[in-house]
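Remarks on the overall topology
One letter stands for each residue in the lines below.
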Amino acid sequence: MSAQSDPNGSAFSAAELEFLAEDEMIEIVPNLRIKPLSLICGDFGPFQPQIPTQVPIWLAVALKKRGKCAIRPPDWMSVEKLTQVLEAERDSASSFEALPFHYVEISRLLFDHAHDDIPEVYMVRSLIEDIKDVRFHKIGTGLEKLSSRTYAMKLNLSAMEVNVIRPFVTGSLEKFYELTAPEIIQESETQEYRRPQTADRGPRRELRR
């Protein structure tokens with residue numbers, strides 16, 4: 001994996017993140033009858049024409065390529081929903097809107113393989129790019145403020161966003177620890193020196209029997 005070949009790079013490549021995202025479930029509408037599929041990851045089907053069903057994205061893409069189904073984009077990929085998310089992202093300088101963990105990879109897969117199934121696909125693509133830009137700007141601003149007083153908190157970051165900032169954050173924290181470790185050790189030794197010592201009363205006498 002990329003993390004092994006490049007210790008200073010991101011933990012996963014874009015292709016690896018996309019591979020992980022392919023296991024997410026999505027709704028399809030078959031256009032013909034297909035017998036049940038028994039796979040390692042589970043059983044899917046039987047598929048009936050015009051009856052929606054849930055399958056992993058990788059299976060949806062495979063059926064789509066063979067002309068056996070249409071893919072229904074998730075609700076969050078509508079122009080209305082994405083516009084709301086973009087406005088909320090711009091209004092808040094410190095919080096992130098909740099989006100699927102693999103929203104970047106899922107949207108890319110659908111743009112590549114099912115663009116004809118996405119209403120207003122060009123507007124959807126543009127909105128997602130704008131959302132990514134706004135979120136990365138906020139992430140960059142937050143990293144500039146990273147300090148010894150920074151605490152871990154729950155953020156609605158996506159897999160791609162976490163993957164990009166992980167090397168920087170871990171490297172910064174390691175460097176911070178290297179610079180502050182002598183101070184921490186000195187403070188610990190000072191506290192130990194100030195700790196009240198137990199008086200030495202000499203050897204104890206044995207009790208008489």
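Residues numbered from 1 in each chain as written. Predicted model: local features only at pLDDT ≥ 70, side-chain atom pairs only at ≥ 80, totals over all residues. Heavy atoms only, no water.

A few words on the packing of aromatic side chains. Tallied over the entire structure, the rule returns one aromatic pair. Measuring from ring centre to ring centre gives 6.4 Å for tryptophan 76 and tyrosine 103, while their planes differ by 85°; the resulting arrangement is edge-to-face. Separated by 27 residues along the polypeptide, tryptophan 76 in the loop between β5 (69-72) and α4 (79-91) and tyrosine 103 in helix α5 (residues 103-113) bring together distant segments of the chain. As far as burial versus exposure is concerned, tryptophan 76 and tyrosine 103 are alike and both buried. Taking NZ or CZ as reference, lysine 138 lies 4.8 Å from the ring centre of phenylalanine 96, over its face. (Phe/Tyr/Trp six-rings, centres within 6.5 Å; stacked < 30°, edge-to-face > 60°. Helix = DSSP H or I, 4+ residues; strand = E, 2+ residues; numbered from the N terminus. Buried < 20%, exposed > 50% of the residue type's maximum accessible area, 1.4 Å probe, protein only. Lys NZ or Arg CZ within 6 Å of the ring centre and 35° of its normal.)

Attention now goes to the environment of arginine 166. Assignment of secondary structure puts arginine 166 in helix α7 (residues 159-194). Residue class for arginine 166 comes out partly exposed when judged on its relative accessible area of 34%. Separated by 155 residues in sequence, arginine 166 and alanine 11 have C-alpha atoms that sit 7.7 Å apart.

Time to look at the confidence of the model for the chain. Taken residue by residue, the chain gives an average pLDDT of 81. The fraction at 70 or more is 69%. Every residue in residues 1-5 is under pLDDT 50, and counting partners more than four places away or in other chains gives nine contacts. Note on residues 148-154: pLDDT is under 50 here. Beyond four places in sequence and across chains, it has two contacts. (pLDDT = per-residue confidence, 0-100. Contact = heavy atoms within 4.5 Å.)

This brings us to unusual backbone geometry. Cis geometry marks the peptide bond from glycine 45 to proline 46; its omega dihedral reads 5°. Structurally, proline 46 is set in the loop between β3 (42-44) and β4 (53-56). Of note, glutamine 50 is a non-glycine position whose phi angle comes to about 65°, a positive value. Structurally, the position occupied by glutamine 50 is in the loop between β3 and β4. Phi at glutamate 120 is positive, roughly 50°, even though this residue is not glycine. Take glutamate 120: it is sitting in the loop between α5 and α6 (121-144).

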